[in-house]
2 protein chains.
Amino acid sequence: MSEEWELNKSSSVPLHQQIYDYMKRRIMNGEWPVGTRIPAQRELAAKFQVNRSTVVYALGELSADGLIDSKVGQGTVVANNTWSLLAAASPPDWNRYVKSGSYQPNIQMIQQINQAEMNSNMVRLGTGELSPALLPTDKMKEMFHGSLENKFTLGYSEPKGSLYLRERISRYLHTKGIQASPSSILIVSGGLQGLQLISLGLLHSGSMIFVENPTYLNSIHVFQSAGMELFGIPMDHEGLRTESIGRLKRQHHAALLYTIPSFHNPTGGLMSSQRRAELLTVCTQERLPVIEDDVYGDLWFDTPPPSPLKAQDRQGLVLYMGSMSKTLGPGLRIGWIVGPEPVIDRLSDIKMQTDYGSSSLSQHAVAEWLSSGLYEEHLARIRTELKYRRDYTIAILVQHYHEFAEWNMPQGGFYIWLHILRPISMRKLFERALKEGILLNPGNIYDRHDQQHLRLSYAYASLDQLENGLIRLAELIRQNLQ
Amino acid sequence: MSEEWELNKSSSVPLHQQIYDYMKRRIMNGEWPVGTRIPAQRELAAKFQVNRSTVVYALGELSADGLIDSKVGQGTVVANNTWSLLAAASPPDWNRYVKSGSYQPNIQMIQQINQAEMNSNMVRLGTGELSPALLPTDKMKEMFHGSLENKFTLGYSEPKGSLYLRERISRYLHTKGIQASPSSILIVSGGLQGLQLISLGLLHSGSMIFVENPTYLNSIHVFQSAGMELFGIPMDHEGLRTESIGRLKRQHHAALLYTIPSFHNPTGGLMSSQRRAELLTVCTQERLPVIEDDVYGDLWFDTPPPSPLKAQDRQGLVLYMGSMSKTLGPGLRIGWIVGPEPVIDRLSDIKMQTDYGSSSLSQHAVAEWLSSGLYEEHLARIRTELKYRRDYTIAILVQHYHEFAEWNMPQGGFYIWLHILRPISMRKLFERALKEGILLNPGNIYDRHDQQHLRLSYAYASLDQLENGLIRLAELIRQNLQ
Ligand SMILES: Cc1ncc(COP(=O)(O)O)c(C=O)c1O
Ligand SMILES: Cc1ncc(COP(=O)(O)O)c(C=O)c1O
């Protein structure tokens, strides 16, 4: 539950008393209302890093006070607090509320991953983020020192986001061959929010969305929570296969196609130039709008990827998404959507209605990075670093994984899609690795039926962690092969 | 449509040619796909600040090229671009998509208000923001100069938001009598997003929400777009009337009650201490959870408001919301929700799923303001300024409005709820004022049936604008009284 309270092990107050006081306080002030489930003894012992007997003692005291109650099969719940006796009424049934919302909870393994990420000792072999060491924190400080003179505002920004920023993004997109006026650009709080707005603003419940199989979209619930369905289309080494799209479109009345052409999440693949052209042709013929997710596009190693679908789109078929999360820092929460102006108008109206726009500090920071040339400099550095990390990781795989696995050689981005050639229980592998402090992203997060892949990321862990973690993981895989 | 492109009036290229080139470019690159409606000639002339004949000429050329087409009763739409001829297929019917989303468009008057706010010459007599002159932009720069040493991160933050910030908010809430551990606090991107998360996470379609009548919630669609209904409960000078809540709750199965006890939007009212106690008692008895929206609570003039409902809530009945928007700057997009931990856990999971958290720059900034004492200093200054503005505005009302209007004397916050005593067409008044460069917030935004109130804000306009605007408005009201 709480991640911040800690036992004071050098205090003269006994540990069980500290735990008792802590839990009582939370019950008495309503943070744990009557009906709240208390975590299992085992979990509490792990959380407080004490013996289970200490926990049992503290819980016994709370139980003697009548504050908690254990029922066989139901675990321990908060039973009462003095005030509820006084008020002679029980609190609202929050549990029912928590289950009422239309939004689906995060998939359980993702929740487990999020939880494990709070532990800073964890070796994270699949995390889709740049390592903290690669984020330009110092440069960001300098930037704020130097340039806050103009354009900086603490007020609400324009409905589509700061015009100053949109002008800079318009120029930046121009270098990719995309023609977009600032009024066809919407600033969003990251690509994920862009998807959320499309789901709320352009699609009705029951809509069908074509995706690559596997896909990042399976790891989130943005469309599913709004009652939409995903339909996976296979890929080959050139990217999404296009030959069946026409037939499938007519058969399933698909409303949108979502693709990550450059440095795909989770496979690391790159869609070829020809395949891009084919995809655009078939989607034009079928009048099937496309979401092009290009959040990794700037992270190429040797040569830039083929130009985005959007650069060839003269009809307004493509909604193009970019983000600073994978390059400059996810904490900024700045991304953008480019599309036909009437669509951008609609999405911007919803954005205003749900959060009144993105942080003006973050918008200012990104505009400055783009206009000063700092962004390009930073990219150059990151590309070199990531390429080095890719080669480093591939070398480890070659040495330790060749007997039982295959993999691709990514040309950019963060990911290697590790294919384990023999049957293995992914769930078990995940749990065993976690026990040893290694956090994995199993393939079934991205394709429910997959039992043979791991998404490896060479972007996050340190080189030492990559090496030791991967060698240990090879060991674990070998032990668990069936 | 576009807010950034401007005619070059000193160019040798004729104006109609510039307009033609501009519109052609947007059609050809797909920003205005086939089917997009072109604004009316009158609107275009106003937008470009040219004679209507210049617009007519440019449109004639586009029409001769076959790019646009006028149909009687349907206005002018984009008919074609060269590429669609080549591709022999028309683009997707974006218009249908734009109408498909579940999210309702902003109410039309609010859209009109948002639009008018882009015009920096507008005198804004109802805007619920601090004047740019009252926002501490310089201090914010200094803060970034000094303190970025520790705690600053560009990575994703913890699921509930930066722990560093939540610890500071926990202490700040303590000064209001609220006991909240960091793990019972969720950082959100402003109060509006807090409401959005509650709607997605805790309520199902068809739920009924009790609100004050009038209320801020009527000006947004957060709950309505998710299929929920608002039910208005009357207020008196002590705040929300509580005597019928029990009966109404049972009758309508209300799921939540939303209230703004301190410096209510739009009425400026303050709920008395006794009424707060009564409200908490009846909601406890009825097991009716409460959202307490306290975004104006820090902006008192002479004495602090009675302590928040949350400070008396030992049962976990109240979800408490605060925000930096009305005090430090809305551009930061930082607010917080405090509630029972299982509820906060659920909301935090949804927050992660919709935008991966709030800007780390903004979170850092707010934490620094709170911990350095700068926030308290700033509040002291703002309180004095707002009180002065209130008195200044009231003096104008006394002199120019006493014949035909009544008003309250707010003890904090931004708003005066101006009651016009004789019938008037609010729509007409709004339009006429707008023509003269005065932007109003009519009462029917906050209560659909209201035709007698204006929400005045003394927070935004300059003192000169307040004086001249209000005197001119009195004149307009007099002319439009029926
Ligand atoms: C393909 C893809 N799109 C979008 C996102 C969203 O990132 P953000 O919301 O941080 O921009 C991610 C992040 O994992 C991603 O992998
Ligand atoms: C009563 C009330 N609550 C919440 C908000 C939302 O403000 P923000 O999302 O900027 O925190 C406002 C802003 O107008 C308001 O008046």
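Under an unreviewed UniProt entry, the name given to chain A is GntR family transcriptional regulator, and the source organism is Paenibacillus selenitireducens. Regarding chain A, the UniProt comment filed under Cofactor (unreviewed entry) reads as follows: "pyridoxal 5'-phosphate". Quoted verbatim from the Sequence similarities (unreviewed entry) heading of the UniProt record, the comment on chain A is "In the C-terminal section; belongs to the class-I pyridoxal-phosphate-dependent aminotransferase family."

(A) Structural view of the sheet that holds strand β6 (residues 208-212) of chain B. Residue and element names in this part refer to chain B. Ordered by their spatial adjacency, 7 strands build an open sheet running β5-β13-β12-β11-β10-β6-β7, and the pairing between neighbours is mixed. With one partner strand each, in any of the chains shown, β5 (185-188) and β7 (229-233) form the two edges of the open sheet. In this sheet, neighbouring strand axes are inclined to one another by 20 degrees on average, regardless of whether the strands run parallel or antiparallel. The sheet contact formed by β6 and β7 spans 5 bridges and is parallel. Bridging across to β7, V211 finds its partner in G232. Each of β5, β10 (254-259), β11 (290-293), β12 (318-323) and β13 (335-338) touches helix α9 (residues 191-202); the most contacted strand, β12, lies at about 150 degrees to it. Relative to the sheet, helix α11 (residues 273-285) contacts β10, β11 and β12, its axis offset from that of β10 by approximately 165 degrees.

(B) Geometry of the site of ligand 2. Near ligand 2 you find 16 residues, and of these G191, D293, Y296, S323 and S325 of chain B are the closest. Each of chains A and B places residues near ligand 2. Starting from 400 Å² of accessible surface for ligand 2 in isolation, the protein chains cover 97%. Here the shell around ligand 2 is composed, by residue class, of 8 nonpolar, 5 polar and 3 charged.

(C) The domain arrangement of chain A, seen in detail. Residues and elements named next belong to chain A. In terms of domain boundaries, chain A breaks down into domain 1 (15-90), domain 2 (108-128 + 379-480) and domain 3 (147-372). Just the C-alpha atoms count here: the centres of domain 2 and domain 3 sit 26 Å apart. Contact residues are listed per partner, giving 21 residues for domain 2 and 20 residues for domain 3. Summed over both partners, the interface of domain 2 with domain 3 comes to about 1900 Å²; 61% of that surface belongs to carbon and sulfur atoms. Summed over the three residues of domain 2 that lose the most area to domain 3, namely R383, Q411 and Y446, the buried surface amounts to 31% of that side. At the boundary of domain 2 with domain 3, the tally comes to 1 salt bridge. Across the pair K387 and D302 runs a salt bridge, and its minimum N-O distance is 2.7 Å. Of the residues in the side of domain 2 that touches domain 3, the class split is 11 nonpolar, 5 polar and 5 charged.

(D) The arrangement of the relation of the copies chain A and chain B in detail. With an RMSD of 0.0 Å, chain A superimposes on chain B once it is rotated by 180 degrees and translated 0.0 Å along the axis. The two molecules are tied by a two-fold rotation axis, judged by turn and shift.

(E) View of the site of ligand 1. Every one of the 16 residues lining ligand 1 counts as a neighbour, but G191, D293, Y296, S323 and S325 of chain A are closest to it. Residues lining ligand 1 come from chains A and B. At 2.6 Å, a side-chain N or O of Y296 of chain A approaches an oxygen atom of ligand 1. For ligand 1, whose unbound accessible area comes to 400 Å², protein coverage reaches 97%.

(F) Main features of the packing of aromatic side chains. Per the counting criterion, the structure on display carries 28 aromatic pairs over all chains. Between F210 of chain B and F231 of chain B, the ring centres sit 5.4 Å apart and the planes meet at 45 degrees, which makes this aromatic pair tilted. In this pair, F210 of chain B sits in strand β6 while F231 of chain B sits in strand β7, placing the two residues 21 residues apart along the sequence. Given a relative accessible area of 0%, F210 of chain B falls into the buried group. The exposure class assigned to F231 of chain B is partly exposed, which follows from its relative accessible area of 23%. Put simply, the rings of Y22, W32 and F48 of chain A touch in pairs and so form one group of aromatic residues. It is R124 of chain A that lies over the ring of Y460 of chain A; its NZ or CZ is 4.1 Å from the centre.

(G) Representation of the pattern of salt bridges within the structure. Following the criterion strictly, the structure yields 40 salt bridges over all chains and no others. Here R478 of chain B makes a salt bridge to E475 of chain B, at a shortest N to O gap of 3.5 Å. Within this pair, R478 of chain B and its partner E475 of chain B are both found in helix α17 (residues 463-480), separated by 3 residues, close to a single helical turn. Residue classification places R478 of chain B among the partly exposed positions, given a relative accessible area of 34%. Note on E475 of chain B: relative accessible area 34%, which makes it partly exposed. Among the charged side chains, a salt-bridge network with shared partners connects D236, E238, R275 and E278 of chain A.

Conventions we followed
Residues numbered from 1 in each chain as written. Chains lettered and ligands numbered in written order. Predicted model: local features only at pLDDT ≥ 70, side-chain atom pairs only at ≥ 80, totals over all residues. Heavy atoms only, no water. UniProt positions renumbered as here; feature names shortened; annotations may be inferred. Pairing = 2+ DSSP bridges. Helix = DSSP H or I, 4+ residues; strand = E, 2+ residues; numbered from the N terminus. Axes fitted to C-alpha atoms, helices over the stretch in contact; angles between N-to-C directions. Contact = heavy atoms within 4.5 Å. Near = heavy atom within 4 Å. Areas by Shrake-Rupley, 256 points an atom, 1.4 Å probe, with all protein chains shown as cover. Nonpolar A, V, L, I, M, F, W, Y, C, P; charged D, E, K, R; others polar. Domains from an automatic or database assignment. Buried area = accessible area lost by both parts, 1.4 Å probe. Salt bridge = Lys/Arg side-chain N within 4 Å of Asp/Glu carboxyl O. Least-squares fit on C-alpha atoms with pLDDT ≥ 70 in both. Polar contact = N/O pair within 3.5 Å; in protein donor to acceptor, adjacent residues only side chain to side chain. Phe/Tyr/Trp six-rings, centres within 6.5 Å; stacked < 30°, edge-to-face > 60°. Buried < 20%, exposed > 50% of the residue type's maximum accessible area, 1.4 Å probe, protein only. Lys NZ or Arg CZ within 6 Å of the ring centre and 35° of its normal.

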